[in-house]
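One letter stands for each residue in the lines below.
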4 protein chains.
Amino acid sequence: MAKNAGVVGAAGFAGIELVRLLLNHPQFNLSFAASDAQAGHPLAEFYPAFTGVTDAVFVTNEEAEQTNVDVVFLAVPHKAAMTLAPTYLERGITVIDLSADFRLKDPAVYEQWYGVAHCATDWLAQATFGLPELFPQEIEQVAQIHQKGNPVLVGCAGCYPTATSLAAAPALRHGLVAEQGLIVVDAISGVTGAGKKATERTHYCFADENLEAYGVGTHRHTPEIEQILSIPGRLVFTPHLAPLRRGLLSTITMPVAPGLSASIEEVQSIYEDFYDSSSLVEVLPQGQQPRTASVCGTARAQVSIAFAAQGQALVATGAIDNLGKGAAAQALECANIVFGYAADAGLQAVAMPV
Amino acid sequence: MAKNAGVVGAAGFAGIELVRLLLNHPQFNLSFAASDAQAGHPLAEFYPAFTGVTDAVFVTNEEAEQTNVDVVFLAVPHKAAMTLAPTYLERGITVIDLSADFRLKDPAVYEQWYGVAHCATDWLAQATFGLPELFPQEIEQVAQIHQKGNPVLVGCAGCYPTATSLAAAPALRHGLVAEQGLIVVDAISGVTGAGKKATERTHYCFADENLEAYGVGTHRHTPEIEQILSIPGRLVFTPHLAPLRRGLLSTITMPVAPGLSASIEEVQSIYEDFYDSSSLVEVLPQGQQPRTASVCGTARAQVSIAFAAQGQALVATGAIDNLGKGAAAQALECANIVFGYAADAGLQAVAMPV
Amino acid sequence: MAKNAGVVGAAGFAGIELVRLLLNHPQFNLSFAASDAQAGHPLAEFYPAFTGVTDAVFVTNEEAEQTNVDVVFLAVPHKAAMTLAPTYLERGITVIDLSADFRLKDPAVYEQWYGVAHCATDWLAQATFGLPELFPQEIEQVAQIHQKGNPVLVGCAGCYPTATSLAAAPALRHGLVAEQGLIVVDAISGVTGAGKKATERTHYCFADENLEAYGVGTHRHTPEIEQILSIPGRLVFTPHLAPLRRGLLSTITMPVAPGLSASIEEVQSIYEDFYDSSSLVEVLPQGQQPRTASVCGTARAQVSIAFAAQGQALVATGAIDNLGKGAAAQALECANIVFGYAADAGLQAVAMPV
Amino acid sequence: MAKNAGVVGAAGFAGIELVRLLLNHPQFNLSFAASDAQAGHPLAEFYPAFTGVTDAVFVTNEEAEQTNVDVVFLAVPHKAAMTLAPTYLERGITVIDLSADFRLKDPAVYEQWYGVAHCATDWLAQATFGLPELFPQEIEQVAQIHQKGNPVLVGCAGCYPTATSLAAAPALRHGLVAEQGLIVVDAISGVTGAGKKATERTHYCFADENLEAYGVGTHRHTPEIEQILSIPGRLVFTPHLAPLRRGLLSTITMPVAPGLSASIEEVQSIYEDFYDSSSLVEVLPQGQQPRTASVCGTARAQVSIAFAAQGQALVATGAIDNLGKGAAAQALECANIVFGYAADAGLQAVAMPV
């Protein structure tokens, strides 16, 4: 029996991608797509890819709150999410949050990086981190709670943290990496990562044919990556913008554990075993590197691992679609698990080969 | 009961897109993907979007011919197709041809434009033109022949002819256009239209940030468009190359029929009625123009119609994905109809909204 | 002795390109770059290409008006230009206007297309149209007036009219084209043509990988092209947007004059002779098509001419940089001539070959 | 009195950019552009940006060798350069080499990374490394030798080493960086960096909308960067490919020297002082990041420096045009100095602001 799902913040880039995925999902029905700014306008007006596909119209957040659904996805900015989530949860509706509001366990860290006190710390304490391949037990536990009839709250991982952590986690969890020393993450994102707002930064004529670092030393995904990978205070994270729409590539350089004797074949095996049961994460053969184009529009991730600097370092790389596995598809994957469906239900699309 | 389908020329851009569509089709199984040049290599090696999706390996054309299938798609260059098609047809296998070899009714016209005599004129005479929205009865007839157990041959429309004809046909067929005078088609294609071969023309550094006309007065889609639209000798067709991968936009300027009194609202109605029963072609409201991004990766087309020059001309525009509705998806749509499935079975993907 | 030049509207795309050209000009000094919106900020702040190149700071329009210069370039929107120009002219300062305000000879046509009455019709009557290759005598006359110590006013041609007219004029002026029948212009522009304002239309994620027509039947360059080419009421002009920054390609389809017997070689000669003395316009050999990349960042234009439809039509193509020969470089070329310098002084840059 | 210059390997991307720069140089005349593959064809045929600019025709390498010039630029692949250079030098002609053949001081390191023994070790011993901002005395010494009438040999720095070293050197040379620990360089290049050859990698349809690392742990610029920065065995260098033509951004993460007490203002001052006398390298203000678009088509570099990870690391970023300061412009800058001209003679072009 199909479940009813609503999307709040549906006019944003992550929200509208989620709408697209829900329209094609075998189990969830799209009940509403809410956006105060676009309320009353057909989805197809702002996003003409939906012309002839759906006549759905954006509703207000207030209308959304009055609609009975089984799950609500929050694709609103941080701060807005921690205000909205309790409203739904208290009405017994499960919340899958795509914002940063329920990712960081420690409210003090949240306040430090986001510049505002967390206003839903009770719910934060109960929230589960949504990155199923790295925290499968956590989300399974939550699924059981949900299946007993309780609403649950999932705070999905961010885009940079997802690509970075999927690529780095097997090495870190298997003791391949030194317990001290900086871990350097340089990542590159397409322009959808900068959001729907028309700004100088997102103007075609400034973004095209340009490469640029940003948020050096200050990007808010820093504490999230440190939390996921359990590397407090060790991360140097530098994001970059490149001229493409969708796609995120993270390159992680990690100092090798002293005395490590593993061959590259053994390291490769560790990686392949790690993702053996994950249908959406692929470890590439040695010598092949992830391409963001190969996962564009999908829920998939590709990772690879190599030695560098005469075996002093491991270099992991991870590619995702920042709006797919980095946002909308990940949220849907979490919802799938919470509702007891296959993790990749409705998420089996294959990227355009070219 | 699923039907078995094979793709010859599967390593080309249209062929591999067809493979992608077949992997996700509710009724057809992919039996083989043939490419002499890539035989023995996994699909995922050249097209890493398939990594973790399929372990399929390219086979030789000879292996393909020895495989028992219900339908074969030919995504090989012209000349090769007219040699291969009879081989399959004579073995009772239905052929859906994506090349130019079975599009032009008159072998003399074929020889004039393609510089070689047609070597399968018997089959050409039996071939059906594959552009279902404009020739629904023809393909339905063929479907009936096929359902009686006979192999059939469909020569699918080319990319420029598809976008152009979908946009222009309602006006021409409803007498809105003068019976004399030039019809001007300027169309723009993404670089996938230039094929997989690495050349100067397809080199990133020559294609990026560039606009260029080509084949002025000589492009081989000219007689095909004239045939579809029944405008012999009246077409001036100029294709252009622009820096994007997939997408084709055709702009057709047609002199208005003398004394035409139709208002733009009436013209719009004619267009909307024309495609009323076509789930894959959308007529946009007045004032809205087709965007290729809105149909990228899909089987869909968008068209619009407007008056210009104080009512002297009609300007129709049509957008498709040249590899989708302009090639692979169109072939699959034809196969769907031939086999009695819904025309859009397996073809309901929605373009990424952004 | 160097002349002092100011730019009003210097923060816009055409204005800032003009600033770049003036910084490198052998005869003109940049006296001011005015922009009320950016006043007080260094040019390099908004346009970091100027970092380390100039410390110049945007001034207000009022400060600009109080500065003594020999020539002022107006790179402001239409309506603003016709208010500003008289202010400068009455102070004896020559004005080179990049807007549409002094292009159309007939104020009624201006009002019809721009929706506002012309408020400087006296000056309009004295303005010269700035497209030196097509109207050399007009600008030479004005140069003589200027050299006698009088301020003059040049209304420079727009981007689409420039590319279109350069490509079409030789055929039209030499009687190769029928005197009746529609002339169809389909042109494609890069996104700089849509201006500096950050909008949905100029958002990277909507402009990238997309092709789209706009302003079908209604674009304001229509009467300008008709005026330049003396083809009143015959033009169907459809502009398109493609994913590149700078570059404009215009394709013009013209019915051949009845009974025309000229061979393509003769037509080619007519074209080559026409531009024989123009160092900035190049007629390409038969079989070669203009590439916008080959004129990007320059004052240059490339044109070509071909027959199509069995000799029924001539297809001319013209490529320019919409901010170069289509705006800033053209304005500077006009100023060069007015001041008695070589037409291409400071305009000899060659496009990046790749 | 003008000097005569020739370019061998002139049909490649770096070679043809050098030709463009030489055509506009106040002191050097272009005597020949040599390319065996293109010999006999006009430059404008393959690179239509030169149409109407120069009638020059590519000559053979043999014809080049028989031409009397003052300086020859070698823009040929490695291995070819070390064979050709002695031929010219022995005839008394100064050689500016853009290849990798005369960069690495130690022939054993060359052999290790390039897989072939160095065949001109005598000349290698006399070669000067061409990166004037970092090795000003070396190139001045060579200039004096040259001005006494001797031919000299300059091996110009590679593209990645240039961007990386310009950004990292001030910190390393002023003791801001720990003397141990890995230095991590992640750099991103446009597709011109992959060269003129049409391959899968450079095919528009594979390069567009894609991000990808390559040569992980194995890129040949590794020993060159270690040599320039005197960080033997400490470098982890990972290059990436992004969808743009020209532009290279390098991000360098360096562990801070233990006990370093410098404030960011002091670090910034060190950087600004370091490049105080270099007209082509700009240190950006704190909070601003280099943009490759802002140096595209120029000889310029932009660098910035920041702390990260609570002061544990310095993150330097450097942007160049890989064909400009990363290849052709750098070679010309070296030649300028060797011939006693201003370092930036003919190299003052400013990037298009948009």
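That block above? That's the structure.
Summary of the structure given here. (Residues numbered from 1 in each chain as written. Chains lettered and ligands numbered in written order. Predicted model: local features only at pLDDT ≥ 70, side-chain atom pairs only at ≥ 80, totals over all residues. Heavy atoms only, no water.)

**Some thoughts on the overall build of chain A**
Check the secondary structure of chain A and you find 12 helices and 13 strands. Its C-alpha radius of gyration of 20 Å places chain A within 12% of the 20 Å reference for a compact globule of 354 residues. With the C-alpha coordinates aligned to their principal axes, the bounding extent of chain A is approximately 60 × 50 × 40 Å. Put simply, chain A shows about 11,500 Å² of open surface, and 47% of that area lies on carbon and sulfur atoms. One way to put it: in chain A the 18 positive side-chain charges average out to a point 2 Å from where the 34 negative ones average out. (Helix = DSSP H or I, 4+ residues; strand = E, 2+ residues; numbered from the N terminus. Rg over C-alpha atoms; globule rule 2.2 N^0.38 Å. Areas by Shrake-Rupley, 256 points an atom, 1.4 Å probe, with all protein chains shown as cover. Lys, Arg positive; Asp, Glu negative; His and termini not counted. Charge placed at Lys NZ, Arg CZ, Asp CG, Glu CD.)

**Here we look at the interface of chain B and chain D**
The accessible area lost on association of the parts is a frequent measure of interface size. Facing 22 residues of chain B, the contacting portion of chain D comprises 22 residues. The three residues of chain B that bury the most area against chain D are His203(B), Tyr204(B) and Arg245(B), which together make up 38% of that side's buried surface. Connecting chain B to chain D are 2 salt bridges. Across the pair Arg245(B) and Asp208(D) runs a salt bridge, and its minimum N-O distance is 3.7 Å. Across the contact surface, chain B and chain D share 10 residue pairs in polar contact (both at pLDDT 80 or more). Looking at which element gives the most residues to the side of chain B that touches chain D, the answer is helix 9 (residues 204-207) of chain B, with 4 residues. Here the side of chain B that touches chain D is composed, by residue class, of 11 nonpolar, 5 polar and 6 charged. (Contact = heavy atoms within 4.5 Å. Buried area = accessible area lost by both parts, 1.4 Å probe. Salt bridge = Lys/Arg side-chain N within 4 Å of Asp/Glu carboxyl O. Polar contact = N/O pair within 3.5 Å; in protein donor to acceptor, adjacent residues only side chain to side chain. Nonpolar A, V, L, I, M, F, W, Y, C, P; charged D, E, K, R; others polar.)

**Focus: helix 10 (residues 221-229) of chain D**
All names here are of chain D. Of all 9 residues making up helix 10, 8 are buried, and the element is well covered by its neighbours. Every buried residue of helix 10 is accounted for by His221, Thr222, Pro223, Glu224, Ile225, Glu226, Ile228 and Leu229. For helix 10, the elements touching its buried residues are helix 5 (107-114), strand 5 (128-130), helix 8 (159-173) and strand 9 (235-241). Positive phi appears at Ser230, one or two residues downstream of helix 10, with a value of about 55 degrees. (Buried < 20%, exposed > 50% of the residue type's maximum accessible area, 1.4 Å probe, protein only.)

**A few points about the environment of Leu23(B)**
All names here are of chain B. If you trace the backbone, Leu23 turns up in helix 1 (residues 13-23). Residue class for Leu23 comes out partly exposed when judged on its relative accessible area of 36%. A sequence separation of 323 residues divides Leu23 from Gly346, and the C-alpha atoms of the two residues are 9.4 Å apart. In this structure Leu23 touches Leu30, Phe50, Val53 and Thr54, once residues within four positions along its chain are discounted.

**Some details on the packing of aromatic side chains**
Following the criterion strictly, the structure yields 46 aromatic pairs over all chains and no others. Here the aromatic rings of Tyr47(A) and Phe206(C) are separated by 6.1 Å at their centres, their planes lie at 35 degrees, and the arrangement is tilted. Note that Tyr47(A) is positioned in the loop between helix 2 (43-46) and helix 3 (61-65) and Phe206(C) in helix 9 (residues 204-207), a pairing that runs across two chains. Here Tyr110(D) and Tyr114(D) contribute two aromatic rings whose centre-to-centre distance is 4.9 Å and whose plane-to-plane angle is 15 degrees, an arrangement assigned as stacked. Placement of the pair is Tyr110(D) and Tyr114(D) together in helix 5, with a separation of 4 residues, close to one helical turn. (Phe/Tyr/Trp six-rings, centres within 6.5 Å; stacked < 30°, edge-to-face > 60°.)

**What about the relation of the copies chain D and chain A?**
Its rotation angle being 180 degrees, the transformation that places chain D on chain A also includes 0.0 Å of axial translation and leaves an RMSD of 0.0 Å. The superposition of one copy onto the other is thereby described by a two-fold rotation axis. Looking at the interface residues of chain D, 100% of them are also at the interface in chain A, so both copies use one shared face. (Least-squares fit on C-alpha atoms with pLDDT ≥ 70 in both.)

**Let's talk about the pairing of strand 7 (residues 183-189) of chain D**
All names here are of chain D. Along strand 7, 7 of the 7 residues are buried, which leaves the element largely enclosed by surrounding structure. Relative to strand 9, strand 7 is paired through 7 bridges, and the arrangement is parallel. Of the residues in strand 9, the one forming a bridge with Val185 is Phe237. Alignment of strand 7 against strand 10 (residues 248-255), held across 6 bridges, turns out to be antiparallel. Bridged to Ser189 within strand 10 is Leu248. (Pairing = 2+ DSSP bridges.)

**Remarks on the relation of the copies chain B and chain D**
Least-squares fitting of chain B to chain D yields an RMSD of 0.0 Å, with the superposition described by an axial translation of 0.0 Å and a rotation of 180 degrees. Comparing interface residues between copies, 100% of those in chain B also sit at the interface in chain D, which points to an isologous, same-surface contact.

**Considerations on the interface of chain D and chain A**
At the junction of the two partners, chain D supplies 44 residues and chain A supplies 44 residues. Buried area between chain D and chain A, summed over both chains or domains, comes out near 3,700 Å², and the portion from carbon and sulfur atoms is 63%. On the chain D side of the interface with chain A, the three residues burying the most area are Glu209(D), Leu211(D) and Arg291(D), jointly 18% of the side's total. Along the contact surface separating chain D from chain A lie 4 salt bridges.

**Here we look at the environment of Gln286(C)**
All names here are of chain C. For Gln286, the location among the structural elements is in the loop between strand 11 (281-283) and strand 12 (301-308). Residue Gln286 is classed as partly exposed on the basis of its relative accessible area of 40%. For Gln286 and Ala306, which are 20 residues apart along the polypeptide, the C-alpha to C-alpha distance reads 7.5 Å. If we skip the residues at most four places from it in the chain, Gln286 touches Ile264, Gln268 and Ile305. Here the side chain of Gln286 touches Ile305 through a polar contact of 2.8 Å, landing on its backbone oxygen.

**Here's the deal with the nonpolar core**
Core analysis: the biggest nonpolar cluster contains 105 residues, and Phe28(B), Phe73(B), Ile96(B), Phe28(D), Phe73(D) and Ile96(D) have the highest contact counts within it. Excluding residues that lie within four positions of it along the chain, Phe28(D) makes contacts with Lys3(D), Ala5(D), Leu22(D), Val71(D), Leu332(D), Ala335(D), Asn336(D), Phe339(D) and Tyr341(D). (Core = buried A, V, L, I, M, F, W, Y, C linked by side-chain atoms within 4.5 Å.)

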